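Summary of the model geometry
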Amino acid sequence: MEDKLSVIGTHICTATDDLYLLVDFLNRNLKDKDVIFGLSLAEDQPGKMLVTLYRS
């Protein structure tokens, strides 16, 4: 059986040097709640990051 992630929501925010630390903190502390946070560059908006919340 495949493990599938479903997207709960997304948010575009201004890129900061330590945004990945926040995402890491959330993932470590909420892993028992079956949610995962993802972080990527917003392709169409320079200087912005895309935060995605998944249900595992």
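These lines cover the structure that appears in this document, whether it is placed above or below.

1. Describing the overall build of the chain
Within the chain one finds one helix and three strands. Starting at the N terminus and ending at the C terminus, the chain contains elements arranged as β-α-β-β. When the backbone C-alpha atoms are referred to their principal axes, the chain occupies close to 40 × 20 × 15 Å. With the model as given, the accessible surface of the chain reaches about 4,600 Å², and the carbon-plus-sulfur share is 54%. Here the chain carries 6 positive and 9 negative side-chain charges, and the mean point of each set is 6 Å from the other.

2. Considering the nonpolar core
Of all hydrophobic cores here, the largest spans seven residues; its members are Cys 13, Leu 19, Val 23, Val 35, Phe 37, Met 49 and Val 51. Of all the secondary-structure elements, those providing two or more residues to this core are α1 (19-30), β2 (35-41) and β3 (48-55). For Cys 13, the residues in contact, after removing those within four places along its chain, are Leu 19, Gly 47, Lys 48, Met 49 and Val 51.

Criteria and thresholds
- Residues numbered from 1 in each chain as written.
- Predicted model: local features only at pLDDT ≥ 70, side-chain atom pairs only at ≥ 80, totals over all residues.
- Heavy atoms only, no water.
- Helix = DSSP H or I, 4+ residues; strand = E, 2+ residues; numbered from the N terminus.
- Areas by Shrake-Rupley, 256 points an atom, 1.4 Å probe, with all protein chains shown as cover.
- Lys, Arg positive; Asp, Glu negative; His and termini not counted.
- Charge placed at Lys NZ, Arg CZ, Asp CG, Glu CD.
- Core = buried A, V, L, I, M, F, W, Y, C linked by side-chain atoms within 4.5 Å.
- Buried < 20%, exposed > 50% of the residue type's maximum accessible area, 1.4 Å probe, protein only.
- Contact = heavy atoms within 4.5 Å.

Purely geometric stuff here, so don't read any function into it on its own.
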